[in-house]
Amino acid sequence: MAAETPPQSLVVLTGAGISAESGLATFRGPDGLWEGHRIETICTPEALAADRALVLDFYDQRRRALATVAPNAAHAALARLEACWPGPFLLVTQNVDDLHARAGSRQLIHMHGALRSALCEGCETRQPWTGDLADAPACPACGAARLRPDIVFFGEMPYHMAEIEAALEGADLFVSIGTSGAVYPAAGFVRLAAAAGAATLELNLEASAGSAWFEETRLGPATQLVPAWVEAMLASR
């Protein structure tokens, strides 16, 4: 890579590709559908208003599926890197699963929300949630308004963007793992980091829509590439 000195500050972005090897669907299929649904029927505020039962059931099924999968070697390697890294470290995930947290990651931002969280449409309180939302439970905080998945739908602002952008602007190395490079604003992180002087690396099963923006791209399964990269990073300290 192009960095002349070992990096101190790391920002890692992960996408669906890192969880695919745990058995979770990558959500956006080659036909453009999201697990058999068109985006506008399942992943927008308008979809929730038009067919609440369909949207809630869709996310309830995905929440239940988390009980059938476990973190893989790539998740575990990133948790180890965080635990052993002597400098600033931030893991940003586009994924709404909880596999990073279950692997031990703590410096973690879910920019698109989390399946095991519910958002009150009235008081806007977030609650840890493992059950179904289609049952129309009341908000534990205000007792009145309805709960929805704590998921960033298309047309909504991703979470913690100011914190993410500040970390990117201060990073020495930005690494993207298992992302399509097609979903913004995350797809623009590489350019923001590079403009601030960071080295950039992509680890992906295949070239992404944003591969050209990275200094280096390594192709292969995340469960192979990520542990190998982590070992090299820790050996360089």
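As the structure is a prediction and not an experimental result, all values here were calculated from the model.

Focus: helix 9 (residues 222–235)
- For helix 9, which comprises 14 residues, the first-to-last C-alpha distance of 19 Å matches the rise-based estimate of 20 Å (1.5 Å per residue) to within 8%.
- Those residues of helix 9 that sit buried are Ala 222, Leu 225, Val 226, Trp 229, Val 230, Met 233 and Leu 234. The buried residues of helix 9 occupy one face: seen down the axis, they fall within an arc of 150°. Among the exposed residues of helix 9, those oriented more than 90 degrees off its buried face are Gln 224 and Ala 235.
- The elements touched by buried residues of helix 9 are strand 1 (10–14), helix 1 (16–20), helix 5 (73–84), strand 7 (173–177), strand 8 (199–204) and strand 9 (216–219).

Concerning the packing of aromatic side chains
- Within this structure, the stated rule accounts for 3 aromatic pairs.
- Judged by centre distance (6.2 Å) and plane angle (15°), the ring pair of Phe 174 and Phe 214 falls under stacked. Here Phe 174 is found in strand 7, whereas its partner Phe 214 is found in the loop between strand 8 and strand 9, with 40 residues between them in sequence. No difference in accessibility class separates Phe 174 from Phe 214, as the two residues are buried.
- Every member of this aromatic cluster is reached through a ring pair, and the members are Phe 58, Tyr 59 and Phe 153.

Brief notes about the domain arrangement of the chain
- Each domain of the chain was delimited in the assignment, giving domain 1 (1–23 + 71–112 + 158–237) and domain 2 (25–68 + 115–151).
- Here the C-alpha centre of domain 2 lies 26 Å away from the C-alpha centre of domain 1.
- Contact with domain 1, which involves 10 residues of that partner, is made by 11 residues of domain 2.
- Together, the buried faces of domain 1 and domain 2 total about 830 Å²; carbon and sulfur atoms form 52% of this surface.

Some thoughts on empty space enclosed by the protein
- For the coordinates displayed, the defined rule picks out 1 cavity of 30 Å³ or more.
- In this structure, the largest cavity spans a volume of roughly 90 Å³.
- Along its surface, the largest cavity is lined by 16 residues, and Ser 176, Thr 179, Gly 181, Ala 186 and Ala 187 are the ones closest to its centre.
- For the lining of the largest cavity, the residue count by class is 8 nonpolar, 7 polar and 1 charged.

Definitions and cut-offs
Residues numbered from 1 in each chain as written. Predicted model: local features only at pLDDT ≥ 70, side-chain atom pairs only at ≥ 80, totals over all residues. Heavy atoms only, no water. Helix = DSSP H or I, 4+ residues; strand = E, 2+ residues; numbered from the N terminus. Expected span 1.5 Å × (residues − 1). Buried < 20%, exposed > 50% of the residue type's maximum accessible area, 1.4 Å probe, protein only. Arc of directions from axis to C-beta. Contact = heavy atoms within 4.5 Å. Phe/Tyr/Trp six-rings, centres within 6.5 Å; stacked < 30°, edge-to-face > 60°. Domains from an automatic or database assignment. Buried area = accessible area lost by both parts, 1.4 Å probe. 1 Å grid on protein atoms, 1.4 Å probe; cavity = no way out; pocket = protein on both sides within 12 Å on 5 of 7 lines; lining within 4 Å. Points joined across faces, edges and corners; volume = space filled by probe spheres on them. Nonpolar A, V, L, I, M, F, W, Y, C, P; charged D, E, K, R; others polar.

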